[in-house]
Amino acid sequence: MSELSVNQHPEDNILVVDSRLIATQLGIEHESFIKTVKKYEKEIEQAFGILRFEIGKIEGRGRPSEYIYLTEEQAIFLTALSRNTSEVVECKKQLVLKFSEAKRLLRQQGGYEQPHTTTYIKRLEKMGDHKVSYELWTTFREGAEVLLKVEKEFKVPVDQMDLCDGSIGRHWSAYRKDKPWAGEVGEYIHRFRDRRGERPCRAYNYAELPQFRRWLEQEYIPRVLPQYLVDKYGKRAVYQIYEEQGLINEYIAKITEEKRKSPRQEELHIIFLAAREAIHNRYLFDF
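Fair warning: this is a prediction, and the values are worked out from it, not measured in the lab.

*Asks:* Looking at this structure, how should I read the overall build of the chain?
*Replies:* Counting secondary structure elements, the chain contains 13 helices and seven strands. With the C-alpha coordinates of the chain rotated into their principal frame, the extents come out at 75 × 50 × 40 Å. With 287 residues in all, the chain has 44% of them scored as buried. Sequence separation of at least 24 residues holds for 66% of the intrachain contacts in the chain that already meet a minimum separation of 6. For the chain, the accessible area works out to roughly 16,800 Å², and carbon and sulfur atoms hold 47% of it.

Written out as structure tokens, the structure reads:
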């Protein structure tokens with residue numbers, strides 16, 4: 001059996017492992033492993049970055065083989081999708097050991113940076129990108145506690161394109177409509193450090209801020225947020241999240257109830273658990 005090895009990718013120096021080595025460790029055909037990767041390609045790239053596909057050398061006749069250089073999180077996510085057989089457990093253990101050793105060596109050479117933080121926290125660190133007039137406030141800044149709760153307390157594996165604060169903004173806009181205390185709406189430019197670039201977003205007068213904070217605490221967090229998470233991660237995942245926090249109540253039980261077993265809910269839960277396992281190391285740091 002070929003031993004797992006971790007190396008820096010030649011284009012961007014990110015630590016990666018060859019998908020062919022993982023398939024060998026798992027005791028499965030590489031072609032079968034690639035099919036699994038492609039089945040979950042969208043989820044992988046949204047949560048863990050672009051997949052690095054490569055074309056192997058042609059040996060004899062036939063088409064060239066395709067393989068992938070996987071990052072640590074991509075590799076652990078894919079192995080975590082499998083049932084925990086002895087081969088899978090050993091493979092995951094070796095991945096953690098090999099990546100840890102590679103990071104240790106790079107750290108000694110001064111060539112390793114601290115792992116990136118989670119998606120929402122990373123966005124909050126760049127809050128200075130968004131210039132807002134002194135007399136206005138934004139749901140992005142005021143909703144920061146919700147973003148932190150989702151990622152740090154709930155340990156939800158958020159992908160780069162997810163916008164929980166967008167959900168807050170939409171529901172707040174609908175709630176304040178036609179209220180006697182609602183003033184004129186301002187605007188600011190929200191800068192995304194990805195292909196979305198700069199986008200105009202709403203900003204509000206400070207006279208409305210007490211109303212927003214009351215609504216956020218009494219309406220959005222206890223009722224809208226759980227449903228938002230159900231729509232994205234499925235009923236089983238959300239029940240597990242709130243059960244871990246000791247927050248199960250009649251409303252949570254109702255919106256997460258499964259009247260019959262659903263293959264889709266099962267798949268969503270498997271993906272959720274695998275993604276959580278893949279980003280476990282992100283939660284080891286005290287943000």
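*Asks:* Looking at this model, I keep getting lost on the nonpolar core. Mind explaining?
*Replies:* Nonpolar side chains tend toward joint burial in soluble globular proteins. Membership of the largest hydrophobic core comes to 38 residues, with the highest contact counts inside it found for V146, C164, Y220 and L225. Those elements giving two or more residues to this core turn out to be α6 (119-125), β5 (136-137), α8 (144-153), α9 (164-176), β7 (198-205), α10 (209-233), α11 (235-244) and α12 (250-255). Looking at this core element by element, the count peaks at twelve residues for α10. In this structure C164 touches Y120, V146, L147, V150, Y220, L225 and Y228, once residues within four positions along its chain are discounted.

So, how was this worked out
Residues numbered from 1 in each chain as written. Predicted model: local features only at pLDDT ≥ 70, side-chain atom pairs only at ≥ 80, totals over all residues. Heavy atoms only, no water. Helix = DSSP H or I, 4+ residues; strand = E, 2+ residues; numbered from the N terminus. Buried < 20%, exposed > 50% of the residue type's maximum accessible area, 1.4 Å probe, protein only. Contact = heavy atoms within 4.5 Å. Areas by Shrake-Rupley, 256 points an atom, 1.4 Å probe, with all protein chains shown as cover. Core = buried A, V, L, I, M, F, W, Y, C linked by side-chain atoms within 4.5 Å.

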